[in-house]
2 protein chains.
Amino acid sequence: MATIVQKYGGTSVGSTERILNVGRRVLATQREGNRVVAVVSAMAGVTDSLLKLASEVSEDPTEREMDVLLATGEQTTIALLAMAINHMGGKAVSLTGAQAGIATDGEHTRARIRNIASEKVDALLDDGHIVIIAGFQGQTADGRISTLGRGGSDLSAIAMAAAVKADRCQILTDVDGVYTCDPRVVPNARKIEEISYDEMLEMASSGSKVMQSRSVEFAKKFGVVFEVCSSLNTNPGTIVMEEKPHMEAVVIRGVSLERDQAKVRVGNVPDQPGFASRIFRAIADAGIIIDMIVQNTSEDGVTDISFTLHKNELVKAKHALAAAVEGFAAGDTRVTSEEGVAKVSVVGIGMRSHSGVAADMFTALAEAQINIKMISTSEIKTAVIVAEADVENASRVVHDAFGLGA
Amino acid sequence: MATIVQKYGGTSVGSTERILNVGRRVLATQREGNRVVAVVSAMAGVTDSLLKLASEVSEDPTEREMDVLLATGEQTTIALLAMAINHMGGKAVSLTGAQAGIATDGEHTRARIRNIASEKVDALLDDGHIVIIAGFQGQTADGRISTLGRGGSDLSAIAMAAAVKADRCQILTDVDGVYTCDPRVVPNARKIEEISYDEMLEMASSGSKVMQSRSVEFAKKFGVVFEVCSSLNTNPGTIVMEEKPHMEAVVIRGVSLERDQAKVRVGNVPDQPGFASRIFRAIADAGIIIDMIVQNTSEDGVTDISFTLHKNELVKAKHALAAAVEGFAAGDTRVTSEEGVAKVSVVGIGMRSHSGVAADMFTALAEAQINIKMISTSEIKTAVIVAEADVENASRVVHDAFGLGA
């Protein structure tokens, strides 16, 4: 008898009608002869309503209490889903994060899972129950309610799959799986059958927001194989797993795009130890998250350093930099910036053993008359910054160049 | 330093604006130099919304899951109230029923409190916190969420007051206190300053629904003195306490009325052991709650038995009785019934040591040309059934007869 963990997101449980659909699917999964755990999110819209209530009583709500408040969202869903399944003749029981043994640290609103004591879940499964668990939440060592932050329900599901030694973990969502590129941009994008954790991580951090990186990292760390698939049909989705030798045969797994970027260039930086540190310390101290960093080879004792970030952070970054570069020895250090840019990345573990990926990508872009503004590479990713206006065309020509289309 | 438990009902916390008001009051109570515990209900309307959701997924929702669902209502309020108080510069912390140590039996949707382990609450109070506790809910010995049923939040407050050895327990509600009669019926009704548990119980069971009897019984059992007062002003309310010698000086504490009653008469019942038992066993087996029972002195070997009940139960009761009386030896046992009646009761512990209360009541009614349809008495109560059309006038003349008006 296989143990399956299924995770249903907020849209999948967004109404009582959809909860009934989820109930039917969960029950069918059990009746196929499986032990089933369902991890669920708050109904779509509920979290926003709760945040609005909080904003009405406080401009800066206590994080401890925010967790108590938000945790009611998933608790509502688990009760309704368990009721629905019982009404259909199934035998379901709901557990909050705390009841399911999900122990976290004390960082309210962004807690990390410390461990899962799954004895209660195991016992309920052994007893023939479908176990419905509130995602996104846990309990601190001293009994406070905690929440896991963005992507928390995925994390709950993957951690629970590790704890109960699940044979399968399914992340059910409103897309069919992970695609070679966003099908709204590249119409012939294909669903990927198998993808390695590392590729999935690079796709996620490059803007393919099927899942948050932290959940994929957790799955990688604990070797949890999971499937991203649709909650609306039973088509096979995308299996995310440790890389296998045969996976390297595919050089490029997919193309990822990220819009609304800005790039900043700090020119004429003295090519001496400490200056890069001063620049990025200033950025970090301002709480700004940056993406690519590029430093060119120096010439005449000065160099220039470029980086990208979300365009909404640009004003704050320029402000922080202005103060930082003031004391630089080379008096003509200049900060320039450009908005209206986007990032296109090709990702694939096959890149490690295949040469020419970057060349092929740049050739495809050149033939389409698309100018490259920045280049950055990792072991399994090559990323370029192009004008926002070019990003869709760039994605299509790169996607075609690597033969990813259906 | 006094310890005060305050209970705020659903109307008092019915909007974020009202939660802010409650927050100000709780904080003011602490700043007067008190240790404060606030027990709160779900925001008015929230429980109904949750019940509606449940009805959409199941016609007969699992009681265990209903408790998981309903408990989110109070959990939302505690988080918001704690946020509000913290925003005002106070130091508040919320606890669910389980976190507050409220242990119950396993009777979902109508659990009884077994005991309260108040160490956590005590420690938080010692540390200068205002402790906000979710009323209406607790936890079973094996860690399930339970709810206490109707009037549960009052019960939580009174039980918590006993556990933390509170100096005062205030039940804050939308009325000023307990009145000598419903002021909508008797305009010169007065607020009662002090009332004994027994009088409060008789008033409650006679229709003055300020509080459920179970909370008053609990307070009596554990000697918790509490005050029923308004959440909208700081006027003194009504103190409910063990009777004191001076309380007997007031013969009648109040007049209580209960509408929408029906009376049933079973005539020509053989005056032999077992027949009353058969009648009321049939009623009980049908799940019908009855109020007064009267049996007249027998004549010619037969007697008649009358009882009252809510008019909505009448059809069911007649059905149950028809089957029960079929086998009676006296073939002409007859069931008759009357709707459109109501009950008026006078309540007071002084009745024990004062004669003539019943005579005074009946005289007042007679002078107003009001016909009495049934009479029933207890040690501290005299109740009559009158026509529904007479109930308001009956209440007024009885209220005046005992000099209860302001």
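If you're wondering where the values come from, they're calculated on a predicted model, not measured in any experiment.

As for the overall build of chain A
Piece 1. Helix and strand counts for chain A stand at eleven helices and 18 strands.
Piece 2. Compactness check: chain A gives a C-alpha radius of gyration of 24 Å against a globular reference of 22 Å for 406 residues, within 12% of the reference.
Piece 3. For chain A, the C-alpha atoms occupy an extent of roughly 75 × 50 × 30 Å along the three principal directions.
Piece 4. In chain A, buried positions account for 54% of the 406 residues.
Piece 5. A separation of at least 24 residues holds for 75% of the contacts in chain A among residues at least 6 apart in sequence.
Piece 6. Separation of charge centres in chain A, based on 40 positive and 52 negative side chains, amounts to 3 Å.

Brief notes about the interface of chain B and chain A
Piece 1. At the junction of the two partners, chain B supplies 40 residues and chain A supplies 40 residues.
Piece 2. Buried surface at the junction of chain B and chain A, summed over both partners, amounts to about 3100 Å²; 60% is from carbon and sulfur atoms.
Piece 3. Counting every contact that joins chain B to chain A gives zero salt bridges.
Piece 4. Of all the secondary structure elements, the ones that give two or more residues to the side of chain B that touches chain A are α1 (16-31), α2 (46-57), α3 (63-87) and β3 (92-95) of chain B.
Piece 5. Of the residues forming the side of chain B that touches chain A, the biggest block, 17 residues, is contributed by α3 of chain B.

Structural notes on the confidence of the model for chain A
Piece 1. On average, residues of chain A carry a pLDDT of 93, and 99% of them reach 70 or more.
Piece 2. Across the predicted assembly, pTM comes out at 0.88 and ipTM at 0.86.

Here's the deal with unusual backbone geometry
Piece 1. Of note in this structure, Lys165 of chain A is not a glycine but carries a positive phi near 50 degrees.
Piece 2. For Lys165 of chain A, the location among the structural elements is in the loop between α5 (152-163) and β9 (168-173).
Piece 3. Overall, Lys165 of chain A belongs to the exposed group, its relative accessible area being 67%.
Piece 4. Despite not being glycine, Asn268 of chain B has its phi angle at roughly 55 degrees, a positive value.

A look at the relation of the copies chain B and chain A
Piece 1. Once turned by 180 degrees and shifted 0.0 Å along the axis, chain B lies on chain A with an RMSD of 0.1 Å. What the superposition gives is, in effect, a two-fold axis relating one chain to the other. By C-alpha distance to the rotation axis, the residue of chain B lying nearest is Thr72 of chain B, at 2.6 Å.
Piece 2. The overlap is high: 100% of the interface residues of chain B also sit at the interface in chain A, so the same surface is used on both sides.

Overview of the pairing of strand β14 (residues 290-295) of chain A
Residue and element names in this part refer to chain A.
Piece 1. Pairing between β14 and strand β15 (residues 302-310): four bridges, direction antiparallel. Residue pairing across strands places Gln295 opposite Ile305, the latter belonging to β15.
Piece 2. Taking the residues between adjacent antiparallel strands as the criterion, β14 and β15 are bridged by six residues, where Asp300 takes a positive phi near 60 degrees.

So, the packing of aromatic side chains
Residues and elements named next belong to chain A.
Piece 1. Counted under the stated rule, the structure contains four aromatic pairs over all chains.
Piece 2. Pairing Phe218 with Phe222 gives two aromatic rings, centres 4.6 Å apart and planes at 35 degrees, and the pair type is tilted. Residue Phe218 and its partner Phe222 are located together in helix α7 (residues 213-222), separated by four residues, close to a single helical turn.
Piece 3. Under the relative-accessibility criterion, Phe222 is labelled partly exposed at 45%.

Looking at the pattern of salt bridges
Piece 1. One pass over the structure, following the stated rule, counts 50 salt bridges over all chains.
Piece 2. One network of salt bridges, with partners in common, ties together Glu243, Glu248, Arg352 and Glu379 of chain A.

With respect to the state of the cysteines
Residues and elements named next belong to chain B.
Piece 1. Overall, the coordinates contain zero disulfides over all chains when judged by the stated rule.
Piece 2. Of all cysteine sulfurs in the structure, the one in Cys229 sits closest to Cys169, which takes part in no disulfide; the separation is 9.5 Å.
Piece 3. With a relative accessible area of 2%, Cys169 lands in the buried category.

Let's talk about the packing of helix α2 (residues 46-57) of chain A against α1 of chain B
Piece 1. Between α2 of chain A and α1 of chain B, the shortest axis-to-axis distance is 9 Å and the interhelical angle comes to 45 degrees. Classified by the angle their axes make, α2 of chain A and α1 of chain B are oblique. Here the hand of the crossing between α2 of chain A and α1 of chain B comes out right-handed. Counted together, Leu53, Glu56 and Val57 of chain A of α2 of chain A and Thr16, Ile19 and Leu20 of chain B of α1 of chain B form the full contact between these two elements.
Piece 2. Taken together, the residues of the contact of α2 of chain A with α1 of chain B sort by class into four nonpolar, one polar and one charged.

Let's talk about the side chain of Lys381 of chain B
All names here are of chain B.
Piece 1. Within the fold, Lys381 resides in strand β18 (residues 381-387).
Piece 2. Looking at Lys381, the relative accessible area reads 11%, which means it is buried.
Piece 3. Within the structure, Lys381 has its side chain in polar contact with the side chain of Glu202 (distance 3.3 Å).

Details of the sheet that holds strand β3 (residues 92-95) of chain A
One key point about sheets: their strands pair by backbone hydrogen bonds, in either a parallel or an antiparallel sense.
All names here are of chain A.
Piece 1. Read across the sheet, eight strands follow the order β3-β6-β2-β1-β9-β11-β12-β10 without closing on themselves; strand pairing throughout is mixed. Every other strand in the sheet has two partners, leaving β3 and β10 (194-196) as the edge strands with one partner each. With strand direction ignored, the average angle separating the axes of adjacent strands in the sheet is 25 degrees.
Piece 2. In this structure, strand β11 (residues 226-230) lies alongside strand β12 (residues 238-241), joined through three bridges in antiparallel fashion. Following the sheet pairing, Phe226 is matched in β12 by Val240.
Piece 3. Sheet strands in contact with helix α6 (residues 197-205) are β10, β11 and β12, and its direction is about 85 degrees off that of β10.

Details of the pairing of strand β13 (residues 254-270) of chain B
Residue and element names in this part refer to chain B.
Piece 1. Within β13, 13 of the 17 residues are buried, which leaves the element mostly enclosed by the surrounding structure.
Piece 2. Inspection of the sheet shows β13 paired to strand β16 (residues 334-347) by eleven bridges, in the antiparallel sense. Bridge assignment links Gly267 to a residue of β16, and that residue is Arg334.

Some words on the sheet that holds strand β12 (residues 238-241) of chain B
All names here are of chain B.
Piece 1. Strand order across the open sheet formed by eight strands is β3-β6-β2-β1-β9-β11-β12-β10, with mixed pairing between neighbours. In the strand order of this sheet, the two ends are held by β3 and β10 (194-196), each with one partner. Going across the sheet, the axis of each strand differs from the next one's by a mean of 25 degrees, ignoring polarity.
Piece 2. In terms of strand pairing, strand β1 (residues 2-8) meets strand β9 (residues 168-173) through five bridges, oriented parallel.

A look at the environment of Lys120 of chain A
Piece 1. Along the chain, Lys120 of chain A turns up in helix α4 (residues 119-126).
Piece 2. Sequence separation between Lys120 of chain A and Ala54 of chain A is 66 residues; the distance between their C-alpha atoms is 33 Å.
Piece 3. Every residue in contact with Lys120 of chain A, bar those within four places of it in the chain, is listed here: Leu95 and Gln99 of chain A together with Asp142 and Gly143 of chain B.

Thoughts on the side chain of Gln261 of chain B
All names here are of chain B.
Piece 1. Checked against the element boundaries, Gln261 lands in strand β13.
Piece 2. At a separation of 2.9 Å, a polar atom in the side chain of Gln261 contacts the main-chain carbonyl oxygen of Arg259.
Piece 3. In this structure, Gln261 is in contact with Asp291, Thr308, Leu309, His310, Lys311, Glu339, Gly340, Val341, Ala342, Lys343 and Glu388, ignoring residues within four places of it in sequence.

What about the environment of Ser378 of chain A?
Piece 1. Tracing the backbone shows Ser378 of chain A in strand β17 (residues 374-378).
Piece 2. We classify Ser378 of chain A as partly exposed; its relative accessible area is 29%.

A few points about α3 of chain B
All names here are of chain B.
Piece 1. Taking 1.5 Å per residue, 25 residues should reach 36 Å; α3 reaches 37 Å between its end C-alpha atoms and fits that length.
Piece 2. With respect to burial, α3 is a largely interior element, 22 of its 25 residues being buried.
Piece 3. Where α3 ends, the next residue or the one after it, Gly89, has phi of about 95 degrees, a positive value.

Conventions we followed
Residues numbered from 1 in each chain as written. Chains lettered and ligands numbered in written order. Predicted model: local features only at pLDDT ≥ 70, side-chain atom pairs only at ≥ 80, totals over all residues. Heavy atoms only, no water. Helix = DSSP H or I, 4+ residues; strand = E, 2+ residues; numbered from the N terminus. Rg over C-alpha atoms; globule rule 2.2 N^0.38 Å. Buried < 20%, exposed > 50% of the residue type's maximum accessible area, 1.4 Å probe, protein only. Contact = heavy atoms within 4.5 Å. Lys, Arg positive; Asp, Glu negative; His and termini not counted. Charge placed at Lys NZ, Arg CZ, Asp CG, Glu CD. Buried area = accessible area lost by both parts, 1.4 Å probe. Salt bridge = Lys/Arg side-chain N within 4 Å of Asp/Glu carboxyl O. pLDDT = per-residue confidence, 0-100. Least-squares fit on C-alpha atoms with pLDDT ≥ 70 in both. Pairing = 2+ DSSP bridges. Phe/Tyr/Trp six-rings, centres within 6.5 Å; stacked < 30°, edge-to-face > 60°. Disulfide = S-S within 2.5 Å. Axes fitted to C-alpha atoms, helices over the stretch in contact; angles between N-to-C directions. Parallel < 35°, antiparallel > 145°, perpendicular 65-115°, else oblique. Left-handed = near helix turned anticlockwise from the far one by under 90°. Nonpolar A, V, L, I, M, F, W, Y, C, P; charged D, E, K, R; others polar. Polar contact = N/O pair within 3.5 Å; in protein donor to acceptor, adjacent residues only side chain to side chain. Expected span 1.5 Å × (residues − 1).

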